[in-house]
Every structure is written in structure tokens, then in C-alpha cells.
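Tertiary structure, described
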Amino acid sequence: MRFKVHIHPGDRDFTVEAGETLIDAAVRQGVPLPYGCRNGQCGACKGKILEGRVDYGDFSPHALSEQEINAGMALFCKAKPLTDIAIEPRSGPAMQDIVVKKLPCRVEKMELLAPEVMRLHLKLPNTERLQYAAGQYINIILRDGRRRSFSIANPPHEPGFIELHIGRVEGGEFTGHVFNGMKEKDILRIEGPLGDFTLRKESARPIILMAAGTGFAPIKGIVEDALTQGVHRPIYLYRGASTKQDLYLDRVVRGWVSEVENLEYAPVLSRPEADDGWRGRRGYVQDAVVGDFPDLSAFEIYASGSPTMVNAARETCLARGLPREHFYFDAFEFGER
Ligand SMILES: Cc1cc2nc3c(=O)[nH]c(=O)nc-3n(C[C@H](O)[C@H](O)[C@H](O)COP(=O)(O)OP(=O)(O)OC[C@H]3O[C@@H](n4cnc5c(N)ncnc54)[C@H](O)[C@@H]3O)c2cc1C
Ligand code: FES
């Protein structure tokens, strides 16, 4: 049996086999719905069921609350239609024009930014452009078809290549290969752009950006894009790392701050080393944010990094009055095993 899915707004339909999730069916047919972990953990695929019924599947209460279910929301990576349905995906600005592509690309340059962070420049084929919004991510497609997600760290106005910041994961299959086997000129297969971790440009709210570790990657793309576009709202960038050497590209950030008036920067170290000579802020980014802004009701917050950091940031900020709908995030969940 198969069911029809109508995407609202617009006139796009696709089909889902019985027992298949909405995201699995969308990916199979090249339909660009946002998603992240594909495992009910991150909330990136959340959207509205306008008509029809679904089996909601198993998911983390951090990703979808009881209240959201009552308001008609579901996680499309877990939801399996039980009837024909109509859905309204959560879409970032101008996402309608974005086409998800599968492309080969060449590893043009590899650069160690910190002991555990490698910057990759991926060169796209000369005939191809990847149109994306700053903050989105791509999947690297492994030989057996499994995916590994990485955020695009350069803004869309730099055409022809993609910058990634790859953090080494203990025992990690792909990230281990990046540090131990990958060479310049290697060919990778990618899929993207994906996700909706993008700046809401229509909003007038002051912006707080929170990045931990390689969570800085999408934030770098977002800030560089915002500076080019002349976003005039106040932007407060809080950046967390363990030690000073993990605060890679710190000079680039200080360069932005010296160029524009509406950007403030607070690096925060959780475990500075004795010889770091660190006189800056200590602790976790979310605690630094609420220390500076005890009332967050007027802000919008963009958080990216480990799921632990994103979940802690969400809890801390909602407790200080941030409206839930103004907390945007990319939780760096693991890919399929
Ligand atoms: C939207 C998105 C954007 C991302 N952007 C970035 C980025 O810009 N930079 C970056 O560095 N990372 C990013 N990540 C995280 C990155 O995708 C993972 O770190 C990556 O998939 C690790 O791949 P791997 O093959 O090296 O590790 P794997 O081989 O998949 O796993 C590494 C280790 O974790 C364990 N593990 C695997 N799955 C689980 C699980 N479910 N629970 C507990 N342990 C598990 C394994 O046993 C192994 O020890 C992003 C993730 C998402 C979802
Ligand atoms: S919760 Fe669905 S993609 Fe992460």
C-alpha cells in the first residue's frame, strides 16, 4: 500500500510506502524536506500535519513536546502516514528555490585548524553550482550509502567550493578517515543542501548566536552572509570551546568584530589549560548568555554544536523567557551506524 503526501503551500506531491517515514520517502524521491539526525533526536525535520493521520514513532521529548503534538506537529523522520496526508514543512527563508543535489566533489585543500578540527575545501564540478542558504549542511555519502552530516562554513556568495570543519570523533568511521587516510584530490560524493538552520531575515529581533566546538561552522557561514547582506540588528556571538587552541579561527572572528559595530563576541572556555594564560570567560556558552541577558523574551537564538550543548542551551534559555519558536538549532547528532 502507498499513501499520497501533499506539501503545503504549493502543489508538490510525493508518495510514501506503507511503513516508510516521510523523510525516507522524500529523500528517495529527491523532495527537499529539511532533516538532521533522521533519528527523532534533533527536531530539524519538525513540521505540521494538516490533514490525515500518522504513526508518530519513537522520538526524544526534547525534539517534539506533547504540546507540539497537540498543535499538530510531528517529526517527519519518524512519522509514518496511515492515510493520505497534507503536510506543512517548517521552512527557512527562501528555501522553496533550493534544490537538493547529489554531486561528486574533489578535496581541494585540507588544513588543520586545531588538533581535533580539520578544514576541508571541497571543489564542485565546474559545471555545477550548489545554491544554499548560509547555515545549511550537506551529507557526505559513504560507499555503502550511509550519510555523515557536516555544516557548510562558507557563505553562499563564495561560489564553486564548500568549506567544512570536521571535528574528530573518538572511534569515528568517517572523521577518523579524514584525519588518518584522506588526501587532497580525493573524490567524495555529497548530497545537499539540507536543513533550515538559517537566519530569519524577516525578523527584527536581536540575534544571539551560540556555537560550541565545530558548531562554529554554520555560525561562520551565517555571520559572513549577514555581514555581506548588511544585517543591522544587534548580533551577539557566544562561542564555546574546551581550551584556547580549540577556539580555531578566533582571529577571523575578531576581524569581523573590528569591521562592524553591531557584532559583539564572547569566547568562553570550559577547560582552559594552565599555560593558555586565559583571562577571558570560563564555563559554558549558555550560562554566559543568561549571565549577560537574564530576560531573553525579546531575542532570537541560534545554537549549534553537540546535542548536549543544544539541549542545555534550550532549557536554560526557555527558563529565561525565550519564546520556544525563537530557538533555532542544529544538534550535531551522529549519522547512521
Ligand atoms: C545537521 C548536522 C550538522 C553537523 N555538522 C557538523 C560539522 O559541521 N562539523 C562536525 O564536526 N560535525 C558535524 N555534525 C556531526 C557529525 O555528523 C558526526 O560527528 C559524524 O556523523 C561522525 O561521523 P563518524 O563516521 O566519524 O562517526 P561514527 O563512526 O558514526 O561514530 C563515532 C562514535 O560514536 C559512536 N556512536 C555512533 N552513533 C552513536 C549514537 N547514536 N549514540 C552514541 N554513540 C554513537 C560510535 O560507536 C563511535 O564510537 C553534524 C551533524 C548534524 C546532524
Ligand atoms: S528529529 Fe528528525 S531529523 Fe532529527
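This is a predicted model, so every value here is computed, not measured.

Observations concerning the sheet that holds strand S3 (residues 46-51)
The five strands lie next to each other as S2-S1-S7-S3-S5, forming an open sheet whose pairing is mixed. Of all the strands in the sheet, the pair left with one neighbour each is strand S2 (12-17) and strand S5 (73-75). Going across the sheet, the axis of each strand differs from the next one's by a mean of 40 degrees, ignoring polarity. Sheet analysis places S3 next to strand S7 (residues 85-89), joined by four bridges and oriented antiparallel. Note that in S7 the partner of lysine 48 across the bridge is glutamate 88.

Some details on the sheet that holds strand S17 (residues 281-282)
One open sheet accounts for six strands, arranged S17-S16-S15-S14-S18-S19; its pairing is parallel. The open sheet terminates on both sides in strands that have one partner only, identified here as S17 and strand S19 (327-331). Alignment of strand S18 (residues 300-305) against S19, held across five bridges, turns out to be parallel. Bridging across to S19, alanine 303 finds its partner in phenylalanine 329. Against the sheet, helix H5 (residues 250-259) touches strand S15 (235-241) and strand S16 (263-269), its axis set at about 155 degrees to S16.

Things to note about helix H6 (residues 285-292)
In an α-helix, one turn spans 3.6 residues; hence positions three or four apart end up facing the same way. Restricting attention to buried positions, one finds in H6 the residues Val285, Gln286, Ala288 and Val289. All buried residues of H6 fall inside an arc of 160 degrees around its axis, so they share one side. Lining the buried residues of H6 we find strand S14 (207-212), S15, S16, S17 and helix H7 (307-319).

Thoughts on the site of ligand 1
Contacts to ligand 1 come from 27 residues, most closely from Gly167, Gly171, Gly172, Thr175 and Phe334. Counting residues per element, the ones that place at least two in the shell around ligand 1 are strand S11 (147-151), strand S12 (161-167) and helix H3 (173-180). Per-class residue counts for the shell around ligand 1 are nine nonpolar, 12 polar and six charged. Split by domain, the shell around ligand 1 shows at least three residues from each of two domains, domain 2 (95-194) and domain 3 (207-331).

What about the domain arrangement of the protein?
Per the domain assignment, the segments making up the protein are domain 1 (2-89), domain 2 (95-194) and domain 3 (207-331). The distance between the C-alpha centroids of domain 1 and domain 2 comes to 26 Å. Facing the five residues of domain 1 at the interface are five residues of domain 2. Considering only residue class, the side of domain 1 that touches domain 2 consists of three nonpolar, two polar and no charged.

Section: the packing of H6 against H7
The interhelical angle for the contact between H6 and H7, taken along N-to-C directions, is 15 degrees, at an axis separation of 9 Å. Put simply, H6 runs roughly parallel to H7. The hand of the H6/H7 crossing is right-handed. Between H6 and H7, the residues in contact are Gln286, Asp287, Val289 and Val290 and Ala312, Ala313, Thr316 and Cys317, respectively. Residue classes in the contact of H6 with H7 are distributed as five nonpolar, two polar and one charged.

Quick word on unusual backbone geometry
Histidine 8 connects to proline 9 through a cis peptide bond whose omega is -5 degrees. Note that proline 9 resides in the loop between strand S1 (2-7) and S2. Residues glycine 192 and proline 193 are joined by a peptide bond in cis, for which omega reads 0 degrees. Non-glycine residue lysine 185 carries a positive phi angle of around 85 degrees. Summarising the element assignment, lysine 185 is placed in the loop between H3 and strand S13 (187-194). Taking the C-beta count within 10 Å as the criterion, lysine 185 has 9 such neighbours and is therefore assigned exposed. Non-glycine residue leucine 249 carries a positive phi angle of around 60 degrees. On the secondary structure map, leucine 249 appears in the loop between S15 and H5.

Some remarks on the environment of serine 258
Among the secondary structure elements, serine 258 is positioned in helix H5. Along the sequence, serine 258 and aspartate 246 sit 12 residues apart, while their C-alpha atoms lie 22 Å from each other.

Focus on the pairing of S16
Where S15 meets S16, seven bridges bridge the pair, whose relative direction is parallel. Following the sheet pairing, isoleucine 235 is matched in S16 by leucine 263. Each parallel crossover has a hand, and the one from S15 via H5 to S16 is right-handed.

A word on the nonpolar core
Phe76, Leu209, Met210, Tyr238 and Ile301 are the most contacted members of the largest nonpolar core, which totals 94 residues. Those residues in contact with tyrosine 238 that lie beyond four places of it in its chain are Ile208, Leu209, Met210, Ala266, Val268, Val285, Ala288 and Val289.

Digging into the pairing of strand S9 (residues 117-123)
Relative to S9, strand S8 (residues 101-114) runs antiparallel, the two sharing seven bridges. Residue pairing across strands places lysine 109 opposite histidine 121, the latter belonging to S9. Counted between consecutive antiparallel strands, the loop separating S8 from S9 contains two residues. Of the pairings in the sheet, the one linking S9 to S12 comprises seven bridges and is antiparallel in character. Bridge assignment links leucine 122 to a residue of S12, and that residue is isoleucine 162.

Cut-offs used in this document
Residues numbered from 1 in each chain as written. Chains lettered and ligands numbered in written order. Predicted model: local features only at pLDDT ≥ 70, side-chain atom pairs only at ≥ 80, totals over all residues. Pairing = 2+ DSSP bridges. Helix = DSSP H or I, 4+ residues; strand = E, 2+ residues; numbered from the N terminus. Axes fitted to C-alpha atoms, helices over the stretch in contact; angles between N-to-C directions. Contact = placed C-beta atoms within 7 Å. Buried ≥ 20, exposed ≤ 12 C-beta atoms within 10 Å, placed from the backbone. Arc of directions from axis to C-beta. Near = placed C-beta within 6 Å. Nonpolar A, V, L, I, M, F, W, Y, C, P; charged D, E, K, R; others polar. Domains from an automatic or database assignment. Parallel < 35°, antiparallel > 145°, perpendicular 65-115°, else oblique. Left-handed = near helix turned anticlockwise from the far one by under 90°. Right-handed = clockwise from strand over helix to strand, strands pointing away. Core = buried A, V, L, I, M, F, W, Y, C linked by C-beta atoms within 7 Å.

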